[in-house]
Amino acid sequence: MNRLSLLASAFAVAALALPSGAAQAQSKVVHVYNWSDYIDETILEDFEKETGIKVVYDVYDSNDVLETKLLTGNSGYDVVVPSGTFLARQIQAGVYQKLDRSKLPNLPNMWGVVTDRTAKYDPGNAYSVNYMWGTTGFGYNEDMILERMPDAPVDSWRMIFDPDVVSKFADCGVHVLDASDELIPAALNYIGEDPDSQDPDVIRKAEDVLMAIRPHILKFHSSEYVNALPNGDICLALGWSGDVLQARDRAAEADNNIKINYVVPKEGALMWFDQMAIPKDAPHPEEAHIFVNYIMRPEVMAKASNVVYYANGNKASQEFLNEDVIGDLAIYPTPEAVASLYTTTPYAPRVQRVVTRLWTKVKSGQ
Amino acid sequence: MSKPEDSPSQGTPSQGPKVAYMSGRDATAGGLAGVHQRLLLIPPYRLLAALLRRIGLTGHGLVIAVPYLWLLAFFLAPFLIVLKISFAEVIIAQPPYTPLFEFVEDGFISIKASLENYLFLLEDSLYWKSYLSSLRIALISTALALLLGYPIAYAMARAPKRWRFALLMMVILPFWTSFLIRVYAWIGILKKEGLLNLALIELGLISEPLTILNTDIAVFIGIVYSYLPFMVLPLYANLEKMDLSLLEAAADLGCRPAKAFWVITVPQSIPGIIAGCFLVFIPAVGEFVIPDLLGGSETLMIGKTLWSEFFNNRDWPLSSAVAVVLLLVLVIPIVLFQRMQERSAQAGG
């Protein structure tokens with residue numbers, strides 16, 4: 001998680017918060033807080049033109065930052081996009097308001113495959129609508145990897161979690177996400193434990209796996225690899241599907257002979273969901289519903305997916321998706337492949353402490 | 001942190017009498033009193049003045065009250081809130097901690113304070129290791145800043161008068177750019193393919209690029225660079241007003257310049273050294289941005305530990321306890337040091 005984005009957004013919020021009080025009376029506005037690199041910006045312009053509602057759009061790159069703002073209260077945001085596990089805990093904390101379904105006529109566009117799974121976090125999908133979903137796998141630079149290890153197991157988590165394999169790539173740079181709630185399940189899954197385990201004794205088993213590969217990891221970071229992979233600064237990154245695919249595209253655009261591949265490892269990977277929700281204290285709930293409903297339009301949702309290379313939970317949008325999105329098994333895996341994906345549930349506070357402590361130990365060696 | 005007499009501004013001669021004028025009784029009897037008399041004709045002002053007089057506040061007292069009110073509102077009140085949270089427990093709610101006071105049915109207030117957070121700080125070695133590591137990094141950075149800042153301040157103070165303003169501006173000028181951008185710029189300089197490595201390889205001094213970024217060395221460079229002006233400015237203010245005739249006297253009595261520097265200039269500049277060191281050391285201990293951007297994952301600093309307690313664990317009570325202990329770790333030695341200074345000053349004077 002990039003702490004700087006926290007600072008930057010804090011400044012942005014401070015700057016935005018001031019005039020909002022006065023502007024509110026004259027014109028309609030909606031404050032949206034979403035992940036970075038996660039929308040086609042023309043969608044926001046079109047929305048403003050059509051509805052006359054001004055969009056104040058702000059971004060973050062970590063669920064933690066979003067959650068802290070929501071728990072503090074009066075964040076000033078009308079629409080936020082937390083991931084499923086975080087959403088579940090935030091619903092429990094009473095952060096959100098129930099969606100008014102009468103104001104969301106586009107709801108029937110949603111895809112049962114996704115809504116069935118998101119109901120695990122938000123029973124009955126009462127508080128949220130899926131924005132996009134994806135997997136957590138890894139991306140690699142084909143030439144740099146094969147040059148160092150011609151028989152590299154590129155379809156397996158051994159690339160990251162087998163010290164004998166990953167050590168061969170230490171010299172060309174390995175990044176992994178700075179997200180304990182993704183790395184620990186992945187490590188547990190690799191050693192055949194339940195990735196969704198809530199048992200501290202099981203969770204501690206992930207420590208040995210992660211400590212063994214730690215010397216070969218250049219950096220724990222959740223967004224830098226989007227640029228570092230296509231620049232050739234690193235050759236392997238454990239990351240989110242769409243971000244790696246954006247990296248692949250940037251390499252193709254740069255035309256620098258760097259070929260990036262994204263892999264959903266055969267042992268299985270995390271399937272995660274980012275959900276649009278409206279905070280209880282949202283200053284403009286009316287406009288928030290209009291915005292959420294607008295995003296659920298098939299053409300609009302398809303436009304966003306076509307740009308950011310993430311799958312969405314909108315069935316009706318699929319006919320508008322480009323072939324390189326809907327046809328890419330890394331984005332829309334086959335139903336059999338989806339079966340190999342796992343989901344996780346939020347940690348209880350005491351378990352969370354074990355998880356973060358373990359993560360600090362992995363990152364700092366302390 | 002510096003005492004007023006440690007940081008005199010340049011315009012000492014003109015300021016001396018002015019201060020006397022402002023605090024003198026006869027000053028208030030002049031222009032200000034006239035305004036006061038006229039304002040008394042307006043009922044709300046009259047009421048306020050009477051009220052303030054009743055609680056013993058006169059114009060003189062009000063002037064002193066302003067900084068106290070400032071400290072009360074922006075230091076003491078937030079600190080008390082943090083202190084209150086540090087005795088609470090985590091819950092899943094908004095806000096995510098238990099209230100300290102609760103109104104029980106029959107009109108009583110129940111206070112539920114938990115010391116568990118403080119005990120936990122002792123239990124896990126991570127916390128004291130973070131405190132120690134922060135103190136170590138801050139101490140080394142302060143020492144480096146002093147070594148670098150003293151010659152700069154000395155050169156500025158001894159430079160011809162017409163240059164001094166320009167030199168002073170050169171020290172202050174970087175502040176006109178955002179702190180974040182300046183720290184980011186160091187990434188470009190220090191990274192493997194960065195400017196520094198390119199230059200060193202070009203000059204033939206090294207053949208393999210040095211790994212500086214994401215190490216403690218990069219953190220030292222970042223802190224020294226960012227806080228150097230806080231070291232230079234109080235030192236400059238101190239050195240500039242030094243009585244040079246003392247050095248002449250030393251030379252007349254056969255003292256060599258180097259020795260004169262150690263026995264006259266350095267002892268005279270001790271207040272400046274102390275002020276500068278405090279101004280660098282205190283923010284450096286709690287520094288968060290510099291170790292995060294320039295340091296590696298092994299750079300352990302209490303600011304980062306606090307961040308992860310607050311954001312990753314969502315444990316506001318524990319992170320509040322970390323903050324309270326940090327304050328104590330800083331304030332107690334500073335107060336003791338200040339006492340010692342005063343005592344030695346009294347003994348010496």
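Residues numbered from 1 in each chain as written. Chains lettered and ligands numbered in written order. Predicted model: local features only at pLDDT ≥ 70, side-chain atom pairs only at ≥ 80, totals over all residues. Heavy atoms only, no water.

A. Inspection of a nonpolar patch on the surface at higher detail. Residue and element names in this part refer to chain B. Taken together, Leu-69, Trp-70, Leu-71, Leu-72, Phe-74, Phe-75, Leu-76 and Leu-80 make up a surface patch of nonpolar side chains, about 860 Å² in accessible area. Note that Leu-69 resides in helix α4 (residues 59-86). On the basis of relative accessible area, Leu-69 is assigned to the exposed category, the value being 54%. (Patch = residues over 30% accessible without salt bridge, like charges linked within 9 Å, V, L, I, M, F, W, Y side chains within 5 Å. Areas by Shrake-Rupley, 256 points an atom, 1.4 Å probe, with all protein chains shown as cover. Salt bridge = Lys/Arg side-chain N within 4 Å of Asp/Glu carboxyl O. Helix = DSSP H or I, 4+ residues; strand = E, 2+ residues; numbered from the N terminus. Buried < 20%, exposed > 50% of the residue type's maximum accessible area, 1.4 Å probe, protein only.)

B. Spatial organisation of the interface of chain A and chain B. Of the residues lining the interface, 33 residues belong to chain A; the matching set on chain B comes to 31 residues. For the pairing of chain A and chain B, the buried interface totals around 3,000 Å² over both sides, and the portion due to carbon and sulfur atoms is 57%. At the junction of chain A with chain B, the criterion picks out five salt bridges. Taking the shortest distance from any N to any O, the salt bridge between Asp-124 of chain B and Arg-357 of chain A comes out at 2.5 Å. Where chain A touches chain B, the interface holds seven residue pairs in polar contact (both at pLDDT 80 or more). (Contact = heavy atoms within 4.5 Å. Buried area = accessible area lost by both parts, 1.4 Å probe. Polar contact = N/O pair within 3.5 Å; in protein donor to acceptor, adjacent residues only side chain to side chain.)

C. Quick peek at empty space enclosed by the protein. According to the stated counting rule, one finds five cavities of 30 Å³ or more in the structure shown. The computed volume of the largest cavity comes to approximately 210 Å³. Residue lining of the largest cavity: 19 residues in total, with Pro-349 of chain A together with Val-90, Ile-92, Asn-313 and Arg-314 of chain B positioned closest to the centre. When contributions to the lining of the largest cavity are tallied by element, the ones reaching two or more residues are α3 (63-72), α4 (84-92) and α18 (349-364) of chain A. Per-element accounting of the lining of the largest cavity gives the leading share, four residues, to α18 of chain A. Residue composition of the lining of the largest cavity, by class: ten nonpolar, three polar and six charged. Residue assignment places the lining of the largest cavity across two domains, with domain 1 (3-133 + 272-333) and domain 2 (135-270 + 344-364) of chain A each supplying three or more. (1 Å grid on protein atoms, 1.4 Å probe; cavity = no way out; pocket = protein on both sides within 12 Å on 5 of 7 lines; lining within 4 Å. Points joined across faces, edges and corners; volume = space filled by probe spheres on them. Nonpolar A, V, L, I, M, F, W, Y, C, P; charged D, E, K, R; others polar. Domains from an automatic or database assignment.)

D. How the structure looks around the packing of aromatic side chains. Using the criterion set out here, one finds 34 aromatic pairs over all chains in the structure. Measuring from ring centre to ring centre gives 5.9 Å for Tyr-227 of chain B and Phe-230 of chain B, while their planes differ by 40 degrees; the resulting arrangement is tilted. Here the residue Tyr-227 of chain B and the residue Phe-230 of chain B both occupy positions in helix α10 (residues 216-240), the gap between them amounting to three residues, near one helical turn. Tyr-227 of chain B sits in the buried class, given a relative accessible area of 9%. Following the ring pairs from residue to residue traces out a cluster consisting of Tyr-97, Phe-288, Trp-307, Phe-310, Phe-311 and Trp-316 of chain B. One Lys or Arg, Arg-89 of chain A, reaches over the ring of Phe-86 of chain A and ends 5.1 Å from the middle of that ring. (Phe/Tyr/Trp six-rings, centres within 6.5 Å; stacked < 30°, edge-to-face > 60°. Lys NZ or Arg CZ within 6 Å of the ring centre and 35° of its normal.)

E. Region of the structure containing the domain arrangement of chain A. Residue and element names in this part refer to chain A. Assigned domains of chain A: these are domain 1 (3-133 + 272-333) and domain 2 (135-270 + 344-364). Placing the centre of domain 1 and that of domain 2 at their C-alpha centroids yields a distance of 27 Å. Taken residue by residue, the interface counts 17 residues in domain 1 and 25 residues in domain 2. Counting the surface lost from both domain 1 and domain 2, the interface buries some 1,700 Å², and carbon and sulfur atoms represent 49% of this. Asp-328 is paired through a salt bridge with Arg-248; the nearest N and O atoms lie 3.3 Å apart. Put simply, domain 1 and domain 2 have nine residue pairs in polar contact (both at pLDDT 80 or more) between them. Top element by residues in the side of domain 1 that touches domain 2 is α4. It accounts for four residues. When the residues that make up the side of domain 1 that touches domain 2 are grouped by side-chain class, the tally is ten nonpolar, one polar and six charged.

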